[in-house]
Amino acid sequence: TDHEINRSTVTEMICMKCGTSQPISGACISARCSLSDGFARYFCEACRLWEDNPKRSIYHCSDCGICRVGKGLNIDYYH
């Protein structure tokens, strides 16, 4: 990428489809926007992470405080 951001400090975002400024979320707040069903297949509010790759499973590990690639704790990841 051509820039770095601290995801934990992001509080607002702009929908790239309709231009609506809004708090971070998994879907556009504008009812007239086609992205009101969701920006991505996976969204984690705690990590402020969006992932839309259908071949990538991601879950949030509450113990670690981060999102991990995989099926889940005690499924394919163990502490």
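The rules behind each value
Residues numbered from 1 in each chain as written. Predicted model: local features only at pLDDT ≥ 70, side-chain atom pairs only at ≥ 80, totals over all residues. Heavy atoms only, no water. Salt bridge = Lys/Arg side-chain N within 4 Å of Asp/Glu carboxyl O. Helix = DSSP H or I, 4+ residues; strand = E, 2+ residues; numbered from the N terminus. Buried < 20%, exposed > 50% of the residue type's maximum accessible area, 1.4 Å probe, protein only. Polar contact = N/O pair within 3.5 Å; in protein donor to acceptor, adjacent residues only side chain to side chain. Contact = heavy atoms within 4.5 Å.

## Notes on the pattern of salt bridges
Where charged atoms from two side chains of opposite charge approach closely, those side chains can pair.
Next, step 1: Inspection of the entire model under this criterion finds two salt bridges.
Next, step 2: Note that Asp52 is salt-bridged to Arg41, the shortest N-O span being 3.2 Å. In this pair, Asp52 is assigned in the loop between β4 (49-51) and β5 (58-61) and Arg41 in the loop between β2 (21-23) and β3 (42-44), connecting sequence segments 11 residues apart.
Next, step 3: A salt bridge links Glu51 to Arg56; the nearest nitrogen and oxygen atoms lie 3.2 Å apart.
Next, step 4: In this structure Arg56 comes out as partly exposed when scored by relative accessible area, which is 42%.

## Points about the side chain of Gln22
Next, step 1: Within the secondary structure layout, Gln22 lies in strand β2.
Next, step 2: Overall, Gln22 belongs to the buried group, its relative accessible area being 2%.
Next, step 3: Engagement of the side chain of Gln22 in a polar contact is seen with the backbone nitrogen of Ile29, the distance being 2.9 Å.
Next, step 4: Those residues in contact with Gln22, other than ones at most four positions away along the chain, are Thr11, Glu12, Met13, Cys15, Ala27, Cys28, Ile29 and Phe39.

## Points about the environment of Arg56
Next, step 1: When you line up the elements, Arg56 lands in the loop between β4 and β5.
Next, step 2: Once the C-alpha coordinates of Arg56 and His3 are considered, the two residues, 53 residues apart in sequence, prove to be 24 Å apart.
Next, step 3: Here Arg56 is in contact with Glu51 and Val69, once residues within four sequence places are set aside.
Next, step 4: In this structure the side chain of Arg56 is engaged in a polar contact, spanning 3.2 Å, whose partner is the side chain of Glu51.

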